[in-house]
There are 2 protein chains.
Amino acid sequence: MMIIGERINATRKAIKEALGRRDGVLIRGEARSQVEAGAEYLDVNGGTTPTEELANLEWLCDEVQAEVEVPLAIDSASPAVIAAGLARARHGRALVNSISMESGKHEAVLPLVAEHRARVVALAMDDGGIPRTAADRLRVVERIVAAAQKSGLALADVYVDPLVMALSSSGDAGRMVLDVLDGIRRNWPELRSTCGLSNISFGLPQRGLLNRSFLLMAMAAGLSAAILDPLDAKLMTAVRAGRSLLGQDEYCMDFISAHRAGKLVG
Amino acid sequence: MMIIGERINATRKAIKEALGRRDGVLIRGEARSQVEAGAEYLDVNGGTTPTEELANLEWLCDEVQAEVEVPLAIDSASPAVIAAGLARARHGRALVNSISMESGKHEAVLPLVAEHRARVVALAMDDGGIPRTAADRLRVVERIVAAAQKSGLALADVYVDPLVMALSSSGDAGRMVLDVLDGIRRNWPELRSTCGLSNISFGLPQRGLLNRSFLLMAMAAGLSAAILDPLDAKLMTAVRAGRSLLGQDEYCMDFISAHRAGKLVG
């Protein structure tokens, strides 16, 4: 399972302020520390205000790429910002985060993704909003698959986000995500998946415990990537345990060396 | 997911010694504390020596049932001992732990299970030993299903143990168990499953972390029961998180009250 580092996001106060004063030292530090902790992609989100977002995103791309060599996840809902990010991305294959099946959202972006040989996160929702059942979300996945193929994208470059909702408002929120992941694995074995975790625990105590427990469950159901904070040592401990248990860490070598380095916490 | 408390087992030194001096206080304490910690079945194993096992098991059944009202898991490979345990069990529906598809093992036991309206754990192995692939283990499960049905048992009373092996000797040991659980869920949705956890981490550091991570993954794949030590607070924390995430804990009430009682550790 692949880690997308989530920390460089303008919705975080420290990042918003760093954007305001163009504090490259802070941004580069966030980039470096996430990569050292195991991030394989770095999400960049410059969405302070709609008018500033494009310039913010371009500056973030440049700062991050001057510091580390992992590819970027261009985090925006705006096709123009996504296009600017893709044009600027220069390490590996960028990931567009995200499109959905809402009309007008994916039609502009998928051709760009294909043109730049990039990858894309696709949310399992459409004009009808977020479907309430796993079966209905899988019907949206079917449309994602069709749209990706029409744009010439390989399914292995498409990361479906099943959309994690709060367990506190719907007791089947966890089971539903697992069912969507199961359905993806059965129906489109090449298709990838990703999700954010923290919604699951909204309104409940012990959120970190629930989030990392859910990550392990989603990994068992085939999750290919997760957007998370790689500086959360307990969460990364769960990632390492999960990878070992799934045979994704040959001879458990990363797990054992993380243990020796005192990095396993939990 | 159902918890089978594993502590009253003659392979543990304290239990072996308690059996030697017929220390009912110790056994009853072990019974009480496991039930208070959440055990819904109590495993009883009297296997010190073959000649003593039957009398040990009968004594354990009596002591445990004098103290608590949960049903027993009669843990023996001997049909005679199993018969004695079933004859003595008086709370709820006893669980026979275990049979396998080895010749001569299940033929004697399954009719007893049916006669006592009991339940049974069936190991996914046969005369050829433990199959190396998930597909081959599922072929054994097919035979378990046929044998259970022939004896008049409902599939909901049969708990298949996919057999957890050491990750340190086979990197796919974890994935294989998850694949067997997936296969059970798809092919025989009424059939139950159970497993022990600790083999998975044999030979690796941080065994508790790996065991409880694996439990969450197995729960996601549909595990119906686990035989474990309910006094392990971190493991029970994982159980509670997993149940909440799967919608098995309505409104997360048990999770929230365990949090308030300071029982969540992890």
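Colleague: Please provide a residue-by-residue account of the overall build of chain A, values included.
Modeller: When helices and strands are tallied, chain A shows 10 helices and eight strands. Based on the C-alpha atoms only, the size of chain A along its principal axes is roughly 45 × 40 × 35 Å. With 266 residues in all, chain A has 58% of them scored as buried. Restricting the contact set of chain A to residue pairs at least 6 apart, pairs at least 24 apart contribute 68%. In chain A, the 30 positive side-chain charges and the 33 negative ones have mean positions that sit 3 Å from each other.

Colleague: Any chance you could break down the pairing of strand S8 (residues 225-228) of chain A for me, citing the residues and the numbers?
Modeller: Residue and element names in this part refer to chain A. Here S8 shows two buried faces, one formed by Ala-225 and Ile-227 and the other by Ala-226 and Leu-228. Sheet analysis places strand S1 (residues 2-9) next to S8, joined by four bridges and oriented parallel. Of the residues in S8, the one forming a bridge with Met-2 is Ala-225. In the sheet, strand S7 (residues 192-196) pairs with S8 via three bridges, with the strands oriented parallel. Within S8, the residue paired with Gly-196 across the bridge is Ile-227. This β-α-β element, S7 to helix H8 (residues 207-220) to S8, shows right-handed connectivity.

Colleague: Describe the pattern of salt bridges, and please don't skip the residues or the numbers.
Modeller: Residues and elements named next belong to chain A. Tallied over the entire structure, the rule returns 36 salt bridges over all chains. Across the pair Arg-88 and Glu-58 runs a salt bridge, and its minimum N-O distance is 3.4 Å. Taken together, the positions of Arg-88 in helix H4 (residues 79-88) and Glu-58 in helix H3 (residues 50-67) put the pair 30 residues apart, joining distant regions of the chain.

Colleague: Describe the relation of the copies chain B and chain A, naming the residues involved and giving the relevant values.
Modeller: Least-squares fitting of chain B to chain A yields an RMSD of 0.0 Å, with the transformation described by 0.0 Å of translation along the axis and a rotation of 180°. What the rotation and shift describe, once combined, is the action of a two-fold rotation axis. Taking C-alpha positions as the reference, the residue of chain B nearest the rotation axis is Met217(B), at 2.4 Å. When the interface residues of chain B are mapped onto chain A, 100% of them again lie at the interface, so the same face is used by both copies.

Colleague: Tell me about the packing of helix H1 (residues 13-20) of chain B against helix H2 (residues 24-36) of chain B, and please be specific about residues and values.
Modeller: All names here are of chain B. Look at H1 against H2: their axes get within 8 Å of each other, and the N-to-C directions meet at 140°. Considering the angle they form, H1 stands oblique to H2. Judged by residue contacts, Ala-14, Ile-15 and Ala-18 of H1 engage Leu-26, Ile-27 and Glu-30 from H2. Of the residues in the contact of H1 with H2, the class split is five nonpolar, no polar and one charged.

Colleague: Describe in detail unusual backbone geometry, supporting the description with residues and values.
Modeller: Residues and elements named next belong to chain A. Here the amide bond leading from Asn-97 into Ser-98 is cis, since omega sits at 20°, within 30 degrees of zero. Structurally, Ser-98 can be placed in strand S4 (residues 95-101). The backbone of Arg-117 sits at a positive phi, close to 45°, despite the residue not being glycine. With respect to the helices and strands, Arg-117 occurs in the loop between helix H5 (106-115) and strand S5 (119-126).

Colleague: Tell me about H4(A), and name the residues and values.
Modeller: Turn by turn, an α-helix covers 3.6 residues, leaving residues three or four places apart pointing in a common direction. Taken together, the buried positions of H4(A) are Val81(A), Ile82(A), Ala84(A), Gly85(A) and Leu86(A). Along its buried surface, H4(A) packs onto H3, strand S3 (72-75), S4 and H5 of chain A.

Colleague: Would you mind going over the side chain of Ser224(A) in detail, with residue names and values included?
Modeller: Residue and element names in this part refer to chain A. By the element assignment, Ser-224 lies in the loop between H8 and S8. Of the polar contacts made by the side chain of Ser-224, one reaches the backbone nitrogen of Ser-193; its length is 2.8 Å. If sequence neighbours within four positions are ignored, Ser-224 has contacts with Met-1, Met-2, Tyr-159, Arg-192 and Ser-193.

Colleague: Just give me the short version of the interface of chain B and chain A, but keep the residues and values in it.
Modeller: Interface size, as often reported, equals the accessible area lost upon joining of the parts. Contact with chain B, which involves 36 residues of that partner, is made by 36 residues of chain A. Between chain B and chain A the total buried area reaches about 3100 Å² when both faces are included, carbon and sulfur atoms providing 70% of it. A per-residue breakdown of the area chain B buries against chain A is headed by Arg175(B), Met217(B) and Leu245(B), which together make up 21% of the total. At the junction of chain B and chain A, the tally comes to two salt bridges. The closest approach of N and O atoms between Arg185(A) and Asp182(B), which form a salt bridge, is 2.6 Å. Inspection of the region where chain B meets chain A yields eight residue pairs in polar contact (both at pLDDT 80 or more). At the level of elements, helix H7 (173-187), helix H8 (207-220), helix H9 (233-245) and helix H10 (253-260) of chain B are the ones that each hand at least two residues to the side of chain B that touches chain A. Broken down by element, the side of chain B that touches chain A gets its largest block of residues, nine residues, from H8(B). Grouping the constituent residues of the side of chain B that touches chain A by class yields 19 nonpolar, 10 polar and seven charged.

Colleague: Tell me about the sheet that holds S1(A), residues and numbers included.
Modeller: Residue and element names in this part refer to chain A. Reading around the circumference, S1-S2-S3-S4-S5-S6-S7-S8 is the order of the eight strands in this closed barrel, with parallel pairing throughout. The sheet shows a mean angle of 30° between the axes of neighbouring strands, direction not considered. Where S3 and S4 come together, three bridges link them in parallel fashion. Each bridged residue has a counterpart across the sheet, and for Asp-75 the counterpart in S4 is Asn-97. Contacts from helix H9 (residues 233-245) reach S1 and S8 within the one sheet, and its direction differs from that of S1 by about 165°.

The rules we used
- Each chain has its residues counted from 1, running along the sequence as written.
- For naming, the first written chain is A and the first written ligand is 1, with later ones following in the order written.
- Residues qualify for local features only when their pLDDT is at least 70, as the model is predicted, and side-chain atom pairs are given and counted only at 80 or more; totals for whole chains, interfaces and linings, by contrast, use all residues.
- Note that the side-chain values use all heavy atoms of the structure and ignore hydrogens as well as water.
- Helix and strand assignments come from DSSP, with helices taken as H or I runs of at least 4 residues and strands as E runs of at least 2, each series counted from the N terminus.
- The rule is simple: take the accessible area with a 1.4 Å probe, protein chains only, and divide by the maximum for that residue type; under 20% is buried, over 50% is exposed, in between is partly exposed.
- We call two residues in contact when some of their heavy atoms are within 4.5 Å.
- A residue counts as positive if it is Lys or Arg and as negative if it is Asp or Glu; His and the chain ends are not included.
- Here the site of a charge means atom NZ of a Lys, CZ of an Arg, CG of an Asp or CD of a Glu.
- For two strands to count as paired, DSSP must find a minimum of two bridges between them.
- Assignment of crossover handedness uses the view with strands pointing away from the viewer, where a clockwise path from the first strand over the helix to the second indicates a right-handed crossover.
- Salt bridges are identified by distance alone: a Lys or Arg side-chain nitrogen within 4 Å of an Asp or Glu carboxyl oxygen.
- Least-squares superposition of the copies uses the C-alpha atoms of those residues scoring a pLDDT of at least 70 in each of them.
- For helices, the fitted line uses only the C-alpha atoms of the stretch in contact; every axis is such a line through C-alpha atoms, and the angle between N-to-C directions lies from 0 to 180 degrees.
- For this classification, under 35 degrees means roughly parallel, over 145 means roughly antiparallel, 65 to 115 means roughly perpendicular, and everything else is oblique.
- Under the convention adopted here, Pro, Cys and the residues Ala, Val, Leu, Ile, Met, Phe, Trp and Tyr are nonpolar, Asp, Glu, Lys and Arg are charged, and Gly plus all remaining residues are polar.
- Each polar contact in these results corresponds to two N or O atoms within 3.5 Å; when the atoms are within protein, one needs to be able to donate a hydrogen and the other to accept it, and residues that are neighboring in sequence are counted only if both atoms are side-chain atoms.
- By buried area we mean how much accessible surface two parts lose on assembly, using a 1.4 Å probe and totalling the loss over both.

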